[in-house]
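Summary of the model geometry
Here are the chains, one letter per residue:
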Amino acid sequence: MRTQVAIIGAGPAGLLLGQLLALGGIDTVILERHSRSHVLGRIRAGVLEQGTVDVLQEAGVGERLKAKGLPHEGFELAFDGQRHRIDLAGLTGRQVTVYGQTEVTRDLMDARAAAGLTSIYQASEVSLHDFDGTAPRVRWRMKGRVHELRCDYIAGCDGFHGVSRASVPASALRLFERVYPFGWLGVLCDTPPVAEELIYANHPRGFALCSMRSRTRSRYYLQCDLTERVEDWSDERFFEELRRRLDAPAAERLITGPSIEKSIAPLRSFVAEPMRFGRLCLAGDAAHIVPPTGAKGLNLAVADVRTLARALLARYRAGSETELDDYSAKCLRRVWKTVRFSWWMTTLMHRFPESSEFGQRIQEAELGYLVGSRAASTALAENYVGLPFED
Ligand code: RFL
Ligand code: PHB
């Protein structure tokens, strides 16, 4: 079997890359470890930057997003019993769109299936070969047989735990990492959201986030210890704790219901440099992770893929490798700005077990400054709506 670009991973990064390359007439095969339904069952991101929406529209998968996505012109920061609105539209002229990662993934899967493009699900033991030369190959096992795909390039879009980054010799990569001393306990339920806009709450008992997927589906998160187990959190306990971390009017308005998903995610910042090794290019969570506080992970994956698709198109259309040579450096400039913002917002909003009283006062002062200064609010807003693409 042969293709031009072998894509490892059918998450949003891999599927979007496949779609953008297909529009440019480039042949791809996607290899995914899990089943289609497993991939669709993962509840993750919910907030799309305008730039991400634009790329999805250019990719021809914007129809449902346009019909069902919820435009949000602001969000609220809650602390000290009060809520303060960050007017994204007023401060930046831009907005974000609430539309679940599951829906983005479904739209991309449907488009790929409709175009009759090859995706191989449940491919186990995927391995990458010879990407330091000119004829890379990918092997995998399925139903007891080993298969091989020859290609020109490999796109490693297989997330943080994938095989792509792990296939690069350790001496060729520099890794940067910060692990946070807490996680997020998330609950999804079919109840109307507590408020029209997202609420990010800084509370002495820990951070809380009120988000949503639609007008009838809510997504809530609580900062929790890494030692917590999901089984110990009944819906009643979760909502009781959430109420305690919200301001009184929000706590009063909160409508609870049975959870349809509940999970704990650890928080981490991570970057692998460079993002290209020979004919293997890493994109999305395979190359970097940010804590979810700034809602950036999926958006960053889309920005990488946009850059990679353009570079591969330049290579196939004009024979130019200049853009591929610049791929890693160009992505990493955006990645580090976004890593900084996500780290900053995480530090601002969470209780750190090791924090001193001094640290606590500094956090309070920063929150006060942020909502009292138009300059500081604008800095937050322009990062939240998404920094402009370089070109
Ligand atoms: P994914 O989505 O992890 O997809 C990688 C795919 O690769 C497959 N795979 C393999 N396939 C073949 N062989 C192997 N050896 C393989 N190993 C792995 C996997 O099965 C999977 O299907 O990475 P991708 O495409 O780079 O997308 C990244 C995003 O998923 C991620 O950044 C976001 O979900 C992060 N994130 C958020 N991002 C936002 O932009 N806005 C948000 O509001 C937001 N909220 C969140 C989040 C992540 C969260 N968690 C669970 C970490 C909220 C949470 C709670
Ligand atoms: C979500 O809806 O899952 C979500 C929203 C905003 C964030 C993180 C997660 O910052």
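See above for the structure.
Residues numbered from 1 in each chain as written. Chains lettered and ligands numbered in written order. Predicted model: local features only at pLDDT ≥ 70, side-chain atom pairs only at ≥ 80, totals over all residues. Heavy atoms only, no water.

1. Re the sheet that holds strand β18 (residues 276-277)
Stated precisely, the cut-off is as follows: Following DSSP output, two strands are said to pair if at least two bridges run between them. Put simply, DSSP H or I for four residues or longer makes a helix, DSSP E for two residues or longer makes a strand, and each gets a number counted from the N terminus.
What the 6 strands build is an open sheet, ordered β8-β2-β1-β12-β19-β18; its pairing is mixed. Looking at strand neighbours, the two that pair on one side only are β8 (118-120) and β18, the edges of this open sheet.

2. Brief notes about the side chain of S342
What counts, and what does not: The criterion used for residue contact is that any of the two residues' heavy atoms lie within 4.5 Å.
Turning to its location among the elements, S342 is positioned in helix α11 (residues 322-349). Among residues more than four places away in sequence, those in contact with S342 are V290, P291, T293 and K296.

3. Examining the site of ligand 2
Defined as follows: If even one non-hydrogen atom of a residue comes within 4 Å of a molecule or strand, that residue is called near it. Polar contacts, as counted here, are pairs of nitrogen or oxygen atoms within 3.5 Å of one another; within protein the pair requires one atom able to donate a hydrogen and one able to accept it, and residues that are adjacent in sequence qualify only if both atoms are side-chain atoms. All accessible areas in this document rest on Shrake-Rupley with a 1.4 Å probe, and a residue is counted as covered only by the protein chains that are shown. Side-chain classes are defined by residue name, with Ala, Val, Leu, Ile, Met, Phe, Trp, Tyr, Cys and Pro counting as nonpolar, Asp, Glu, Lys and Arg as charged, and the others, Gly among them, as polar. Each domain's limits were defined by an automated method or a database of domain assignments.
Near ligand 2 lie 14 residues; those nearest to it are Y200, S211, R213, Y221 and P292. Within the contact set of ligand 2, an oxygen atom lies 3.1 Å away from a backbone nitrogen or oxygen of T293. With the chains in place, 97% of the 270 Å² that ligand 2 exposes on its own is no longer accessible. Counting only elements with at least two residues in the shell around ligand 2, the list comes to β15 (208-214) and β16 (217-224). Broken down by class, the residue content of the shell around ligand 2 amounts to 8 nonpolar, 3 polar and 3 charged. When we break the shell around ligand 2 down by domain, the ones giving at least three residues each are domain 1 (5-176 + 267-385) and domain 2 (182-266).

4. Section: the sheet that holds strand β20 (residues 288-289)
To be explicit about the condition: Note on method: axes are straight lines fitted to C-alpha atoms, helices fitted across the in-contact stretch only, with angles between N-to-C directions ranging 0 to 180 degrees.
Taken together, 8 strands build an open sheet; the order of strands is β6-β5-β14-β15-β16-β13-β17-β20 and the sheet is mixed. The sheet terminates laterally at β6 (82-86) and β20, the two strands that pair on one side only. The pairing of β15 with β16 spans 6 bridges and is classified as antiparallel. Bridging from a neighbouring strand, L209 pairs with Y221 of β16. Sitting on the sheet, helix α8 (residues 235-245) is in contact with β13 (174-189), β14 (199-202), β15, β16 and β17 (259-273), with an inclination near 80° to β16. Lying on the sheet, helix α12 (residues 357-372) is in contact with β5 (75-79), β6 and β14; it crosses β5 at an angle near 145°.

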